[in-house]
Amino acid sequence: QVQLVESGGGLVQPGGSLRLSCVASRSIFRFNAMGWYRQAPGKQRELVATITNGGSTNYADSVKGRFTISRDNAKNTVYLQINSLKPEDTAVHYCNAGGFGSSTYYSPSNYWGQGTQVTVSS
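Attention here is on the structure that accompanies the text.

Conventions used here
Residues numbered from 1 in each chain as written. Predicted model: local features only at pLDDT ≥ 70, side-chain atom pairs only at ≥ 80, totals over all residues. Heavy atoms only, no water. Disulfide = S-S within 2.5 Å. Helix = DSSP H or I, 4+ residues; strand = E, 2+ residues; numbered from the N terminus. Buried < 20%, exposed > 50% of the residue type's maximum accessible area, 1.4 Å probe, protein only. Polar contact = N/O pair within 3.5 Å; in protein donor to acceptor, adjacent residues only side chain to side chain. Contact = heavy atoms within 4.5 Å. Pairing = 2+ DSSP bridges.

## Brief notes about the state of the cysteines
What the rule picks out here adds up to 1 disulfide. The disulfide partner of C22 is C95, and the gap between their sulfur atoms is 2.1 Å. Residues C22 and C95 share a disulfide whose torsion about the S-S bond is about -80°; that sign makes it left-handed. With C22 in strand 3 (residues 18-24) and C95 in strand 9 (residues 91-98), this residue pair connects regions lying 73 residues apart in the sequence. Assigned by exposure class, C22 and C95 land together as buried.

Next up, the structure:
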């Protein structure tokens, strides 16, 4: 098992930036990949970014060029830098420990953090 704790969310104006952190209770290297999801009110949880053990990254089309995922294995931490925030980015952001199998799509595990709220409003 692994426990994940997200932090860094808050209330920002459109165009602002936030850096989210996800700290794991054990090494994240044992997982094939890590991912960030978000869930807006009344919406389904969606995958926004992933990063493999080798550092390969993928992003949802809606966040490409604005979001950057990174990892620090020594600190058991995954980060999500969010720039040029838009009101539609408002959501609870969750960290997940999962990976890729033979598929090119990220497969989430049951290991989720409690989430951190990102609110974009003027």
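Additional details are given in the paragraphs that follow.
## Digging into the side chain of R38
Its location among the elements puts R38 in strand 4 (residues 33-39). One polar contact links R38 to E46, side chain to side chain, over a distance of 2.9 Å. Polar contacts involving the side chain of R38 include one to the side chain of D89, which spans 2.8 Å. Those residues within four positions of R38 in sequence are excluded, and the remaining contacts are Q44, R45, E46, V48, S62, V63, F67, D89, A91, V92 and H93.

## Some thoughts on the pairing of strand 3
Each regular strand carries side chains that alternate between the two faces of the sheet. Most of strand 3 sits inside the fold, with 5 of its 7 residues counted as buried. Two strands pair when backbone bridges link them, and strand 3 and strand 8 (residues 77-82) are joined in this way by 6 bridges, in the antiparallel orientation. Bridge pairing in strand 8 links R19 to Q81.

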